[in-house]
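Okay, here's what each chain looks like letter by letter:
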Amino acid sequence: MNLTSVTNPNLVKPISFADTVKGRKTLNPTTIDLSTLPNPTLKEGEPALEIPTDLFQEGCKRFQHSLIARLDFTGLKFSEVKQTLMEQWKFSSIQRSFIPMSKGFFIVRLTTAADKEMIRGSKWMVNQQQLRMIDWYPGFNPEKQRTSHAATWVRFLGLHMELWTERSLLTIGKALGTPIVVDQRTLGLEYGHFAAVLVDIDFSKHIPECIHLSAGGRKFWQYIDIQHYPKFCSICNIIGHEDDECKRKLAKSHPSMESEKQLVRTEKPAKQVWKEVKHRNSGKENIESNYNDVETTIVVLNDEENVLETIKQLEDTFIFS
């Protein structure tokens, strides 16, 4: 008997993913002459390299018509986002790809300026979120982005029914931020307990408990209800974690940790200086009185101030617009 012809399922070894990849694709060595590439030097005992301008520009050219986009991916899969956008755009002639990054950012890579303008010229919604986009630029780092905005459903409890129209509700929503859409059940008058509007809110600013309205010759206070607050840190003024999870707070409570951080910062290249800038926000203790709150931002100053200033403006436009 030819034992090699007998198949015993109990003796078959499962094929690993690595084996599958190896059997499907053969890796060939690069054809680039390595002697034409720069050699590393040493800086403070560590390897150092200067990327030539032509190599840098070669990399930038691949993204010259690209966009940087951001969404809150809570409850969302990246594949679902891609499918939703492809269905909305319906530009069969566009060659595009989606490159996921961290913190909800991803790159929409396009091939022509016309395709880019076609997409950037309109507003796009994904799972009741507005897609935020800016032009791609070199050096973009999602880990350094700061955002205090989130799209949140706001309920107006007991709102007078004559104000349950789309334009009236969008007007009221502007008191909290940028209204995105009115709940269809609200517009359909399916219930009368509250009206709901999806609003893009900046949680670094004061969130009122009520709004003073004047309508039809009557004046009254309209209370609001936000059921699901996003995780927001009042120390960093960003969304993503809460105060008790804040690394800054932990560093302040453990001076040794803070001294270690300062040591790391001073060991950065001499062209970089870390500087603390303080801004003052106004808020409110109650409906008619104000209080002050301080937010702290870390700014990096380089010799190439014009380049950094341009990048800062782009980031502010994207995150806070």
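So, here is what we can say about the structure in this document. Computed from a predicted structure; not experimentally measured. Numbering of residues begins from 1 in every chain and follows the order in which that chain's sequence is written. Local features in this predicted model are restricted to residues of pLDDT 70 or higher, and side-chain atom pairs are both shown and tallied only at a pLDDT of 80 or more, whereas totals for entire chains, interfaces and linings draw on every residue. Side-chain metrics rest on all non-hydrogen atoms present in the structure, leaving aside hydrogens and water.

### Notes on unusual backbone geometry
Most of the time, phi is negative for any residue but glycine, and the peptide bond is trans. Within the chain, E44 stands out as a residue other than glycine whose phi angle is a positive 55 degrees. Secondary structure is summarised from DSSP: a helix means a run of H or I of at least four residues, a strand means a run of E of at least two, and numbering begins at the N terminus for each. Tracing the chain through its elements places E44 in the loop between β1 (41–43) and β2 (46–48). Summary of the burial criterion: residues with accessible area below 20% of their type's maximum are buried, those above 50% are exposed, and those between are partly exposed, where the area comes from a 1.4 Å probe applied to protein chains only. E44 gets classed as exposed once you look at its relative accessible area, which sits at 68%. Here the phi dihedral of K103 falls at roughly 60 degrees; this positive angle occurs in a residue that is not glycine. Relative to the helices and strands, K103 resides in the loop between β4 (97–100) and β5 (105–109).

### Brief notes about a nonpolar patch on the surface
Patch construction takes residues with relative accessible area above 30% that form no salt bridge. Like charges are linked within 9 Å, and nonpolar side chains (Val, Leu, Ile, Met, Phe, Trp, Tyr) are linked within 5 Å. In short, Shrake-Rupley with a 1.4 Å probe defines the accessible areas, and a residue's cover is counted only from the protein chains shown. Basic side-chain nitrogens of Lys or Arg form a salt bridge, by our definition, when they fall within 4 Å of a carboxyl oxygen of Asp or Glu. On the surface, a cluster of nonpolar side chains totalling about 680 Å² of accessible area is made up of I32, L34, L37, L49, I51, L55 and F56. With relative accessibility at 57%, the residue L34 sits in the exposed group.

### Regarding the sheet that holds β4
If you trace the 4 strands from one edge of the open sheet to the other, you get β4-β5-β3-β8, paired in antiparallel fashion. Where the open sheet ends on each side, the last strands, each with one partner, are β4 and β8 (132–135). Between one strand and the next, the sheet's axes are offset by a mean angle of 25 degrees, whatever the strand orientation. In this analysis, two residues are considered to be in contact whenever any of their non-hydrogen atoms come within 4.5 Å of each other. To get an axis, a line is fitted to the C-alpha atoms, and for a helix only the part in contact is used. The angle between two axes follows their N-to-C directions and goes from 0 to 180 degrees. Contacting β4 and β5, helix α3 (residues 78–89) runs over the sheet at an angle of about 150 degrees to β4. Each of β3 (67–70) and β8 touches helix α4 (residues 113–120); the most contacted strand, β8, lies at about 150 degrees to it. By the convention used here, strands pair only if DSSP detects at least 2 bridges between them.

### Side note on the packing of aromatic side chains
Only Phe, Tyr and Trp rings take part, Trp by its six-membered ring, and two of them pair if their centres are within 6.5 Å. Stacked means planes under 30 degrees apart, edge-to-face means over 60, and tilted covers everything else. Tallied over the entire structure, the rule returns 9 aromatic pairs. Taken together, a centroid distance of 5.9 Å and an interplanar angle of 10 degrees make the contact between W89 and F98 stacked. As far as the burial class goes, W89 and F98 line up, both buried. Ring centres 6.3 Å apart and planes at 70 degrees place the aromatic pair W164 and Y191 in the edge-to-face group. Of this pair, W164 sits in the loop between β9 (149–157) and α5 (166–173) while Y191 sits in the loop between α6 (184–187) and β11 (194–202), and the two are 27 residues apart along the sequence. In this structure an aromatic cluster arises from ring pairing among F78, W89, F98, F106 and W124. Two thresholds decide whether a charge sits over a ring: the Lys NZ or Arg CZ must be within 6 Å of the ring centre and within 35 degrees of the ring normal. It is R70 that lies over the ring of F105; its NZ or CZ is 5.5 Å from the centre.

### Topic: the pairing of strand β12 (residues 210–215)
Strand direction decides the pairing type here: β12 and strand β13 (residues 218–225), joined by 6 bridges, are antiparallel. When the bridges of β13 are listed, C210 appears paired with Y223. Hairpin connection of β12 to β13: 2 residues between the antiparallel strands, including G216 at a positive phi of 60 degrees.

### Overview of the pattern of salt bridges
All told, the structure shown has 7 salt bridges when counted by the stated rule. For the salt bridge of K116 with D135, the shortest nitrogen-to-oxygen distance reads 3.4 Å. With K116 in helix α4 and D135 in strand β8, the pair connects residues that are 19 residues apart, well separated along the chain. Here D135 falls in the partly exposed class, since its relative accessible area comes to 27%. Because the salt bridges share partners, they merge into one network encompassing K116, E117, R120 and D135.

### Brief notes about α5
Given 3.6 residues per helical turn, the α-helix brings residues three or four places apart onto the same face. Among the residues of α5, those classed as buried are L169, I172 and G173. Along α5, the residues classed as buried sweep out an arc of 105 degrees about the axis, all on the same side. Turned more than 90 degrees off the buried face of α5, the exposed positions are R167 and T171. Packing partners of the buried residues in α5 comprise β9, β10 (178–182), α6, β11 and β12. Read the arc as the range of directions from the helix axis to the C-beta atoms.

### A word on the side chain of R155
Structurally, the position occupied by R155 is in strand β9. Apart from residues lying up to four places away in sequence, R155 is in contact with F194, A195, A196, Y223, I224, D225 and Q227.

### Examining the environment of F156
When you line up the elements, F156 lands in strand β9. As a C-alpha pair, F156 and A195 span 39 residues in sequence and 5.2 Å in three-dimensional space. Ignoring any residue separated from it by four or fewer positions in sequence, one finds F156 in contact with I172, G173, L176, H193, F194, A195, V197, I211, Q222, Y223 and I224.

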